[in-house]
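# Coordinate inspection notes
Residue strings, one per chain:
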Amino acid sequence: MNVTMLLDMAAEGFGDRVIVGRRENGLSAARLQELSVGGARAVRSAGADAVVYLGVNGPAFPVAMFAAARAGVPLVPVNYRLGEDQLRLLLANHPGAYGIAGAEQAGALTRAGLSTRTPGEFLADAGRTPGGDPALDADAADPETAAVLIYTSGTTSTPKGVVLRHHNLVSYVLGTVEFAGAGDEEAALMSVPPYHIAAVSNVLTNLFAGRRFITLESFAPAEWLALVRDQGVTNAMVVPTMLARIMEATDLDRSVGTLRALAYGGAKMPLRVIEQALRDWPAVDFVNAYGLTETSSTISVLGPEDHRAAIVSTDPAVRARLASAGRVVPAIEMEIRDEEDRVLPAGVTGRVWVRGEQVSGEYAGAGSSVDERGFFDTRDRGRLDEAGYLFIEGRIDDTIIRGAENIAPAEIEDVLLRHPDVADAVVVGVPDEEWGQRIEAAVVPRPGAVLDLTALREHVRSRLRGSRTPDRIACWPELPRTHTGKIIRRDVVAGLLNERQHSAP
């Protein structure tokens, strides 16, 4: 099954319902289908072998996704925040692509030799195509065709192009959403950029459910809150840094009367933030969704009842689940393995491996990375408790090796974030001649707080072994993060090394 079939089902089942954009001027499911046909013809006329989308979110993005699918070529959403050199290297992988770019980014595509249209021009071209059969040819219906190629954020290494085929994405949608299950009054707000897997999956799941979805190009708490109220938003998805900023906005009207469900993910959520959100918005169903680009989005969920139970329970095991990624979704199998690939019992930390139809585990130019049993190594450290709740302890690549001891930064970060004066924190391994790596941290103080870094080290030492106490803690105004909230650890290491060099006598 091809993703265009999801759109065709929506156009037939509720074609007049506005699906994309604001209710006063959005696109209906039927109009989205028409534009996807016109867009596909534009792509075919250009002889393109891919569609590169370099721009902010908006109606052109879902049209481009379905147009590429109908044309039988992949959509390649590219991070428009990349530097010129990074863009040039990435675009060199797609010399035969059809380009769609905002006015500020169009130059990069032109210099790469790509035929380029602005989102407005692309929509106009797609709209000029007369009606016709949406099924343009058999190629577009092949579930093995690559639907989307997404480059990972590259927070610790060079970005890799993740190949998601139609059967991966369709499997995720069919296992997650009931067709036409949303009421016609429902609206979803997306605040993630188009080059993130959550943007792709939200387009598909909301369309299939029949839920109108709108986007916020540039996040700000005041604009987000105003849009929720103005558009009657019932469902929303944020990354943890966004929710933290909303919760800290005490000078704003934070009422969200229409909001029924709020999903979050993409990075670790500080406990104090989700606890405050649960108190302030008791009528909202909170969902923590854990997934990867390579798994077509969500593979485990901490649901609304789990959140509510954790906040009121006196059972330490139940309360601890608020820091978990919930339980695996039905379509996914999960194993926690040691370095020799032996499956570990509950409570023991190891590498998280997953298997399922939605799991791709495939990289452009490198092929599949799944093992002989079809399992994919997420490269995340984690453990399952006795009830099957997954606790993620960070990336394998983030592990600090100090002497002969492997140390998970997440354990130390959790302690730092529990300090009342710390708003944000990261722990990394910095090269050291004696120990191999030193443990160093960078923290951001809460507004108005003055941090005593010596006392903060003692705060960590009193709760963890001395070998897990940071050798040094730096106080920074902010931490380097991607737009989706992931800490760019290589930049943290570089910043700490630079500080050390400049402070050396």
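Bear in mind the structure is a predicted one, so any value in this text is a computation, not a measurement.

Cut-offs and rules
- Going along each chain's sequence as written, the residues are numbered from 1 onward.
- Only residues with pLDDT of 70 or above have their local features reported here, since the model is predicted, and side-chain atom pairs are shown and tallied only from 80 upward, although totals for entire chains, interfaces and linings are computed over all residues.
- Heavy atoms throughout the structure, all of them, feed into the side-chain values; hydrogens and water do not.
- Strand pairing is assigned whenever DSSP identifies at least 2 bridges connecting the two strands.
- Secondary structure counts use DSSP, requiring at least four H or I residues in a row for a helix and at least two E residues in a row for a strand, with both numbered from the N terminus.
- To obtain an axis, a line is fitted to C-alpha atoms, over the contacting stretch when the element is a helix, and the angle between two such axes runs from 0 to 180 degrees between their N-to-C directions.
- Burial classes follow relative accessibility: with a 1.4 Å probe on protein chains only, a residue under 20% of its type's maximum area counts as buried, one over 50% as exposed, and anything between as partly exposed.
- Whenever a nitrogen or oxygen atom comes within 3.5 Å of another N or O atom, the pair is scored as a polar contact, on the condition that within protein one atom can donate a hydrogen and the other can accept it, and that pairs from neighbouring residues in sequence are kept only if both atoms are in side chains.
- Two residues form a contact once any of their heavy atoms are found within 4.5 Å.
- Oblique is the label for any angle not covered by the other classes, which are roughly parallel (under 35 degrees), roughly antiparallel (over 145) and roughly perpendicular (65 to 115).
- In the scheme used here, Gly and all other residues not listed as nonpolar or charged are polar, with Ala, Val, Leu, Ile, Met, Phe, Trp, Tyr, Cys and Pro taken as nonpolar and Asp, Glu, Lys and Arg as charged.
- In this scheme, a helix's expected span is set at 1.5 Å multiplied by one less than its residue total.
- The term nonpolar core refers to a set of buried residues drawn from Ala, Val, Leu, Ile, Met, Phe, Trp, Tyr and Cys, joined through side-chain atoms within 4.5 Å.
- We define a salt bridge as a side-chain nitrogen of Lys or Arg found within 4 Å of a carboxyl oxygen belonging to Asp or Glu.

### So, the sheet that holds strand 17 (residues 350–355)
With respect to topology, four strands assemble into an open sheet ordered 16-17-20-21, the strand pairing being antiparallel. Single-partner strands in this sheet number two, and they are strand 16 (333–337) and strand 21 (390–395). If you compare each strand with its neighbour and ignore which way they point, the axes differ by 45 degrees on average. Bridge analysis of strand 20 (residues 376–384) against strand 21 gives five bridges, and the strand direction is antiparallel.

### Considerations on the pairing of strand 17
In summary, the side chains of a regular strand alternate between the two faces of the sheet. When you tally the buried positions in strand 17, you get five out of six residues, the bulk of the element. Bridge count for strand 16 against strand 17 is five bridges, and the pairing is antiparallel. Bridge pairing in strand 17 places methionine 334 opposite valine 354. In this structure, strand 17 lies alongside strand 20, joined through four bridges in antiparallel fashion.

### A word on the environment of glutamate 339
Relative to the helices and strands, glutamate 339 resides in the loop between strand 16 and strand 17. Taking the C-alpha atoms as reference, glutamate 339 lies 7.7 Å from glycine 350; in sequence the two are 11 residues apart. Among the polar contacts made by the side chain of glutamate 339, one reaches the side chain of arginine 351 at a distance of 3.4 Å.

### Overview of the sheet that holds strand 24 (residues 422–432)
Taken in spatial order, the three strands make up an open sheet running 24-25-26, and their pairing is mixed. Single-partner strands in this sheet number two, and they are strand 24 and strand 26 (472–475). Going across the sheet, the axis of each strand differs from the next one's by a mean of 25 degrees, ignoring polarity. Relative to strand 25 (residues 436–445), strand 24 is paired through 10 bridges, and the arrangement is antiparallel. Within strand 25, the residue paired with alanine 425 across the bridge is valine 443. Each of strand 24, strand 25 and strand 26 touches helix 15 (residues 453–461); the most contacted strand, strand 26, lies at about 130 degrees to it.

### Some thoughts on the environment of threonine 4
Note on placement: threonine 4 falls in helix 1 (residues 3–14). In this structure threonine 4 comes out as buried when scored by relative accessible area, which is 6%. Through-space distance from the C-alpha of threonine 4 to that of phenylalanine 66 is 6.0 Å; in sequence the pair is 62 residues apart. If near-sequence neighbours (up to four positions away) are discounted, threonine 4 is found in contact with Phe66, Ala69 and Arg70.

### Focus: the environment of alanine 474
Mapped onto the secondary structure, alanine 474 falls in strand 26. Classification of alanine 474 as buried rests on a relative accessible area of 6%. Every residue in contact with alanine 474, bar those within four places of it in the chain, is listed here: Ala441, Ala442, Val443, Leu496 and Glu499.

### As for the packing of helix 2 (residues 29–45) against helix 6 (residues 119–127)
A pair of packed helices can be characterised by two numbers: the angle between their axes and the separation between those axes. Packing of helix 2 against helix 6 brings their axes to within 7 Å, and their N-to-C directions diverge by 95 degrees. Our classification of the angle between helix 2 and helix 6 gives roughly perpendicular. Residue-level inspection shows Arg31, Glu34, Leu35, Gly38 and Gly39 of helix 2 in contact with helix 6, the latter providing Phe122, Leu123, Ala126 and Gly127. Split by residue class, the contact of helix 2 with helix 6 holds four nonpolar, three polar and two charged.

### Quick word on helix 3 (residues 60–71)
Taking 1.5 Å of rise per residue, 12 residues should cover 16 Å, and helix 3 covers 16 Å from first to last C-alpha, within 8% of that figure. Counting buried residues along helix 3, 12 of its 12 residues qualify, which places the element largely inside the surrounding structure. Listing the buried residues of helix 3 in full gives Ala60, Phe61, Pro62, Val63, Ala64, Met65, Phe66, Ala67, Ala68, Ala69, Arg70 and Ala71.

### A closer look at the nonpolar core
Residues Trp224, Leu243 and Trp281 are the most contacted members of the largest nonpolar core, which totals 104 residues. When residues of this core are assigned to their parent elements, the largest contribution, 10 residues, is made by helix 3. Those residues in contact with tryptophan 224, other than ones at most four positions away along the chain, are Leu189, Ser191, Leu216, Phe219, Ala236, Val238, Ile246, Val256, Leu259, Leu262 and Trp281. Leu54, Leu87, Ala101 and Tyr195 belong to the second-largest nonpolar core, a separate cluster that totals 20 residues.

### What to know about the pattern of salt bridges
Enumeration according to the criterion identifies 40 salt bridges in this entry. Between arginine 254 and aspartate 280 there is a salt bridge whose closest N-O contact spans 3.1 Å. Remark: aspartate 280 occurs in helix 11 (residues 271–280) and arginine 254 occurs in the loop between helix 10 (240–248) and strand 12 (261–264); sequence separation between them is 26 residues. Using a relative accessible area of 18% as the deciding quantity, one classes arginine 254 as buried. For aspartate 385, the salt bridge goes to arginine 321, with nearest N and O atoms at 3.6 Å.

### Considering unusual backbone geometry
For residues other than glycine, phi is negative in most cases, and the peptide bonds are mostly trans. Positive phi outside glycine occurs at serine 296, with the angle close to 60 degrees. Its location among the elements puts serine 296 in the loop between strand 13 (285–292) and strand 14 (297–302). One non-glycine residue, aspartate 341, lies in the positive phi region at around 65 degrees. Relative to the helices and strands, aspartate 341 resides in the loop between strand 16 and strand 17.

### A closer look at the side chain of histidine 307
With respect to the helices, strands and loops of the structure, histidine 307 is situated in helix 12 (residues 304–312). In this view, histidine 307 contacts Tyr264, Ile274, Leu278, Phe286, Val287, Asn288, Leu302 and Leu322; residues no more than four positions away in its chain are not counted.

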